[in-house]
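Remarks on the overall topology
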Amino acid sequence: MKLLGRKNDDSEGSRDTGTSAPADPDDTSAGSGHRVTTAPKGKPTPKRSEASRRRGPVAPAPLTSAEARRRRKELGGPKLSREEKKAQRAERRTEMSTRREKMMAGEAAYLLPRDQGPVRRYVRDVVDSRRNLLGLFMPSALGLIFVMLAVPSVQVQAMLSPAMLVLVLVMVIDGFFLGRRVNRLADEKFPNNTETGWKLGFYAASRASQLRRMRAPRPQVERGARVV
């Protein structure tokens, strides 16, 4: 009982003197009566690479109609009807056919980079105006390959292998002389020609090795014509 009384006296004394125990920083009842908690830590600052990757670079303009359609589909753009798609395909085929026809006709604006320039046009005319042994290379090679596959005989294989080597050697010799002829004529007609002899010779030989009807652009001169 005395202990209880002493405790009561001590509490009353403390109230009388106006002193109190120091506030505990972890005490949840201090202050305005609400719970005092530590402020939560914020999210870490993103790295510059992560921020740029999150934003993403600005997409360049589409280069083809297929890429444009794909982007429009991803962005939820308006979808084309079946008739519109059909008309678009027909228009695209017509445009491609027109461009190919103009390229085959030799119009400068539609030629491939390898065929552009007056020097290349002159080389094509020189090659198309003469008969070349190189034009027989593809049919002869295909014929020999067909015989090798159709007649799998050791004797035939032994005969066709040297024949193939002789054919390749003849084509190389003809291409060499054709390249020299083309370079000589091109230098005479175009004194300021800057193209190397190797490039013009290879261009002439590769065109001469194709069948006449398969050459692109289409030959503009007849065989035996005089090219000036």
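Relevant structure appears above.
**Comments concerning the layout of surface pockets**
In this structure, the largest pocket encloses a volume near 330 Å³. Lining of the largest pocket is provided by 15 residues; of these, Val172, Gly175, Phe176, Gly201 and Ala205 occupy positions nearest its centre. Listed by contribution, the elements that provide at least two residues to the lining of the largest pocket are α7 (154-189) and α8 (197-208). Element by element, the count of residues in the lining of the largest pocket is highest for α7, at seven residues. Considering only residue class, the lining of the largest pocket consists of nine nonpolar, five polar and one charged.

**A few points about α8**
Every α-helix carries 3.6 residues per turn, so stepping three or four residues along brings you back to the same face. The end-to-end C-alpha distance of α8, which contains twelve residues, comes to 16 Å, matching closely the 16 Å that a straight helix rising 1.5 Å per residue would cover. Along α8, the residues that are buried comprise Leu200, Gly201, Tyr203, Ala204, Ala205, Arg207 and Ala208. Where the residues of α8 are buried, they touch α5 (118-128) and α7.

**Let's talk about the pattern of salt bridges**
Using the criterion set out here, one finds six salt bridges in the structure. Note that arginine 218 and glutamate 101 form a salt bridge whose closest N and O atoms lie 3.8 Å from each other. Note that arginine 218 is positioned in the segment after α8 and glutamate 101 in helix α4 (residues 82-104), a separation of 117 residues in sequence. Of the charged contacts in the structure, one is a salt bridge between aspartate 115 and arginine 114, with a shortest N-O distance of 3.5 Å. Residues participating in the shared-partner salt-bridge network are Asp128, Arg207 and Arg215.

**Let's talk about the packing of aromatic side chains**
Per the counting criterion, the structure on display carries three aromatic pairs. Centroid distance tyrosine 122 to phenylalanine 190: 6.0 Å. Interplanar angle 75°. Geometry classified as edge-to-face. Of the two residues, tyrosine 122 sits in helix α5 while phenylalanine 190 sits in the loop between α7 and α8, which places them 68 residues apart along the sequence. A centroid spacing of 5.6 Å and a plane angle of 75° characterise the contact between phenylalanine 176 and phenylalanine 177, whose relative ring orientation is edge-to-face. Across the ring face of tyrosine 203, the terminal group of arginine 120 is positioned such that the distance to the ring centre comes to 4.6 Å. Across the ring face of phenylalanine 190, the terminal group of lysine 189 is positioned such that the distance to the ring centre comes to 5.9 Å.

Rules and cut-offs
Residues numbered from 1 in each chain as written. Predicted model: local features only at pLDDT ≥ 70, side-chain atom pairs only at ≥ 80, totals over all residues. Heavy atoms only, no water. 1 Å grid on protein atoms, 1.4 Å probe; cavity = no way out; pocket = protein on both sides within 12 Å on 5 of 7 lines; lining within 4 Å. Points joined across faces, edges and corners; volume = space filled by probe spheres on them. Helix = DSSP H or I, 4+ residues; strand = E, 2+ residues; numbered from the N terminus. Nonpolar A, V, L, I, M, F, W, Y, C, P; charged D, E, K, R; others polar. Expected span 1.5 Å × (residues − 1). Buried < 20%, exposed > 50% of the residue type's maximum accessible area, 1.4 Å probe, protein only. Contact = heavy atoms within 4.5 Å. Salt bridge = Lys/Arg side-chain N within 4 Å of Asp/Glu carboxyl O. Phe/Tyr/Trp six-rings, centres within 6.5 Å; stacked < 30°, edge-to-face > 60°. Lys NZ or Arg CZ within 6 Å of the ring centre and 35° of its normal.

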